[in-house]
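# Structural overview
Here is how the chains run, residue by residue.
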Amino acid sequence: MMLYESLRKELRSKKYRMTAQREIVLKVFAESGERHLGAEDVYRKLVEKRYRISKATVYRTVELLSKLGFLRRLEFGEGIYRYELAAPDAETLHQHIVCKACGEVIEVDEKIVKDLVKNVESKTGYVINDYDIKFYGLCPKCQNRKSISRENRI
Ligand SMILES: [Zn+2]
Ligand SMILES: [Zn+2]
């Protein structure tokens, strides 16, 4: 809730009109247990709450909030964009691992990634100020499923 309040203040201070729609869409992200929502998910949650909003408005609002830096746009190879609240500080910054089999997405602590970035900097002489790293693989559950089906074949 704190995060949502500070986002709301920021949105207001940036002179962007804090329309009811923008406010309610941010609130969905702030209050949702799931972290990585597609515009379709946001729309579904608002409909469940009996909030009257069109799908086109939800899509437009989500895209705008991402342009303004309130949401981070994510792409996990599903053919849709997902979004999460933009990290307000280094503490909450993270990257993602996607399971190729079931599509589960988990978050990777930025500290782990930082070492990799430092390594790339020292190898290339670049100063890296932005990156977007995704890891793909099989989650523990899907690894188990794979090994079971392999055993069955034998
Ligand atoms: Zn999986
Ligand atoms: Zn995330």
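Keep in mind that this is a model prediction, so the values were computed, not measured. (Residues numbered from 1 in each chain as written. Chains lettered and ligands numbered in written order. Predicted model: local features only at pLDDT ≥ 70, side-chain atom pairs only at ≥ 80, totals over all residues. Heavy atoms only, no water.)

### Looking at unusual backbone geometry
Phi is mostly negative for residues that are not glycine, and the peptide bonds are mostly trans. Residue Arg 50 is not a glycine yet carries a positive backbone phi of 60°. With respect to the element layout, Arg 50 can be found in the loop between helix 3 (39-48) and helix 4 (55-67). According to the relative accessible area criterion, Arg 50 is exposed, its value standing at 75%. (Helix = DSSP H or I, 4+ residues; strand = E, 2+ residues; numbered from the N terminus. Buried < 20%, exposed > 50% of the residue type's maximum accessible area, 1.4 Å probe, protein only.)

### Things to note about the sheet that holds strand 3 (residues 81-85)
Within a sheet, adjacent strands bond to each other through the backbone by hydrogen bonds, running parallel or antiparallel. As summarised here, the arrangement of the 3 strands in space is 1-3-2, forming an open sheet in which the pairing is antiparallel. Edge positions in the open sheet fall to strand 1 (37-38) and strand 2 (71-75), since each of these has one partner strand only. Bridge analysis of strand 2 against strand 3 gives 5 bridges, and the strand direction is antiparallel. If you follow Leu 71 over to strand 3, its bridge partner there is Leu 85. The strands that helix 4 touches are strand 2 and strand 3; relative to strand 2, the one it contacts most, it runs at about 110°. (Pairing = 2+ DSSP bridges. Contact = heavy atoms within 4.5 Å. Axes fitted to C-alpha atoms, helices over the stretch in contact; angles between N-to-C directions.)

### As for the packing of aromatic side chains
The final tally for this structure, using the stated rule, is 0 aromatic pairs. Positioned above the aromatic ring of Tyr 136 is the side chain of Lys 100, whose terminal nitrogen or guanidinium carbon lies 4.9 Å from the ring centre. (Phe/Tyr/Trp six-rings, centres within 6.5 Å; stacked < 30°, edge-to-face > 60°. Lys NZ or Arg CZ within 6 Å of the ring centre and 35° of its normal.)

### Re the coordination of the zinc ion (ligand 2)
Coordination of the zinc ion (ligand 2) by the protein is provided by His 36 (NE2), Glu 84 (OE), His 94 (NE2), His 96 (NE2) and Glu 107 (OE), with metal-donor distances spanning 2.0 to 2.2 Å. Coordination of the zinc ion (ligand 2) draws on donor residues from a single chain, spaced H-x47-E-x9-H-x1-H-x10-E in sequence. Of this pair, His 36 sits in the loop between helix 2 (20-31) and strand 1 while His 96 sits in strand 4 (residues 94-99), and the two are 60 residues apart along the sequence. Given a relative accessible area of 2%, His 96 falls into the buried group. (Donors = N, O, S within 2.8 Å, 3.2 Å for Na, K, Ca; no water.)

### Some points on the coordination of the zinc ion (ligand 1)
Six octahedrally arranged donors around a metal ideally form angles of 90 or 180 degrees; four tetrahedrally arranged donors ideally form angles of 109.5 degrees. Within the first shell, the zinc ion (ligand 1) binds the protein through Cys 99 (SG), Cys 102 (SG), Cys 139 (SG) and Cys 142 (SG), at distances of 2.3 Å. Taken together, the 4 donor atoms coordinating the zinc ion (ligand 1) and their angles of 103 to 115° define a geometry best described as tetrahedral. Site description for the zinc ion (ligand 1): donor spacing in sequence, C-x2-C-x36-C-x2-C. Here Cys 142 lies in helix 6 (residues 140-153) and Cys 99 lies in strand 4, a separation of 43 residues in the sequence. Owing to a relative accessible area of 3%, Cys 142 belongs among the buried residues under this scheme. (Tetrahedral: all angles 85-135°; square planar, octahedral: opposite > 155°, others 65-115°.)

### Section: the nonpolar core
If you look at the biggest cluster of nonpolar residues, it comprises 17 residues, and the most contacted ones within it are Val 25, Leu 26, Phe 29, Val 42, Leu 46, Val 62 and Leu 71. When residues of this core are traced back to their parent elements, those giving at least two are helix 2, helix 3, helix 4 and strand 3. It is helix 2 that provides the largest number of residues to this core, a total of 4 residues. Residues contacting Leu 71, with those up to four places away along its chain left out, are Leu 26, Phe 29, Val 62, Leu 65, Ser 66, Tyr 83, Glu 84, Leu 85 and Ala 86. (Core = buried A, V, L, I, M, F, W, Y, C linked by side-chain atoms within 4.5 Å.)

### What to know about helix 2
For helix 2, built from 12 residues, the straight-helix expectation of 16 Å at 1.5 Å per residue is met to within 8% by its first-to-last C-alpha distance of 16 Å. Turning to helix 2, its buried residues are Arg 22, Glu 23, Val 25, Leu 26, Val 28 and Phe 29. (Expected span 1.5 Å × (residues − 1).)

### Concerning the packing of helix 3 against helix 4
Look at helix 3 against helix 4: their axes get within 9 Å of each other, and the N-to-C directions meet at 125°. The angle between the axes of helix 3 and helix 4 places the two elements in the oblique class. The chirality of how helix 3 crosses helix 4 is right-handed. In this structure, helix 3 contributes Ala 39, Glu 40, Val 42, Tyr 43 and Leu 46 to the contact, and helix 4 contributes Lys 55, Val 58, Tyr 59 and Val 62. (Parallel < 35°, antiparallel > 145°, perpendicular 65-115°, else oblique. Left-handed = near helix turned anticlockwise from the far one by under 90°.)

These figures come from the coordinates and say nothing about function on their own.
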